[in-house]
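The residues making up each chain are set out below.
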Amino acid sequence: MHPLIYWSSIFALSCFVIGLVLSSYRLATGPTAADRVLALDTMYSMGLLALLALGIRFDSRLYFDMALLIGLFGFVGSAAMAKFLLRGEVIEP
């Protein structure tokens, strides 16, 4: 592996971990439910990006597949939570 890719992946992973820590703090102490939803959305985005950086670093396609699943489930979860906050129910009768 080229040293530039090695060190840039370490830097990217450390930035994503810092973002995850800050988002988890906001998730725990957010004053409103909307802040908590945004923090959760940011956390799944940071996890997705961390998996992509790990996939580049270890040259494995499995990480990219996991990132795709996290992106899909994160989007569906965010949409359901936004609908719940707007209307008070996820599935309408």
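On a predicted model such as this, the values are computed, not experimentally measured, just so you know.

1. Side note on helix 2 (residues 33–58)
Counted at 1.5 Å a residue, the expected span for helix 2 with its 26 residues is 38 Å, and the 37 Å between its end C-alpha atoms agrees. Val37, Ala39, Leu48, Ala50, Leu51, Ala53 and Gly55 are the residues of helix 2 that are buried. Check the buried side of helix 2 and you find it contacts helix 1 (3–29) and helix 3 (62–87). Two residues or fewer after helix 2 comes Asp59, characterised by a positive phi angle close to 55 degrees.

2. Things to note about a nonpolar patch on the surface
A surface patch of nonpolar side chains, about 630 Å² in accessible area, is lined by Met1, Ile5, Tyr6, Trp7, Ile56 and Phe64. With three residues, the single largest contributor to the nonpolar patch is helix 1. Relative to the assigned elements, Tyr6 resides in helix 1.

3. With respect to the UniProt feature "transmembrane region" (unreviewed entry) in the protein
Per the UniProt record, "transmembrane region" (unreviewed entry) is annotated on residues 6–25, 37–56 and 62–86. Between the C-alpha atoms that bound residues 6–25 there is a distance of 29 Å. The span itself is 100% helix and 0% strand. Counting secondary structure, residues 37–56 comes out at 100% helix and 0% strand; the distance between its end C-alpha atoms is 29 Å.

Each value, and the rule that gives it
- Residues numbered from 1 in each chain as written.
- Predicted model: local features only at pLDDT ≥ 70, side-chain atom pairs only at ≥ 80, totals over all residues.
- Heavy atoms only, no water.
- Helix = DSSP H or I, 4+ residues; strand = E, 2+ residues; numbered from the N terminus.
- Expected span 1.5 Å × (residues − 1).
- Buried < 20%, exposed > 50% of the residue type's maximum accessible area, 1.4 Å probe, protein only.
- Contact = heavy atoms within 4.5 Å.
- Patch = residues over 30% accessible without salt bridge, like charges linked within 9 Å, V, L, I, M, F, W, Y side chains within 5 Å.
- Areas by Shrake-Rupley, 256 points an atom, 1.4 Å probe, with all protein chains shown as cover.
- Salt bridge = Lys/Arg side-chain N within 4 Å of Asp/Glu carboxyl O.
- UniProt positions renumbered as here; feature names shortened; annotations may be inferred.

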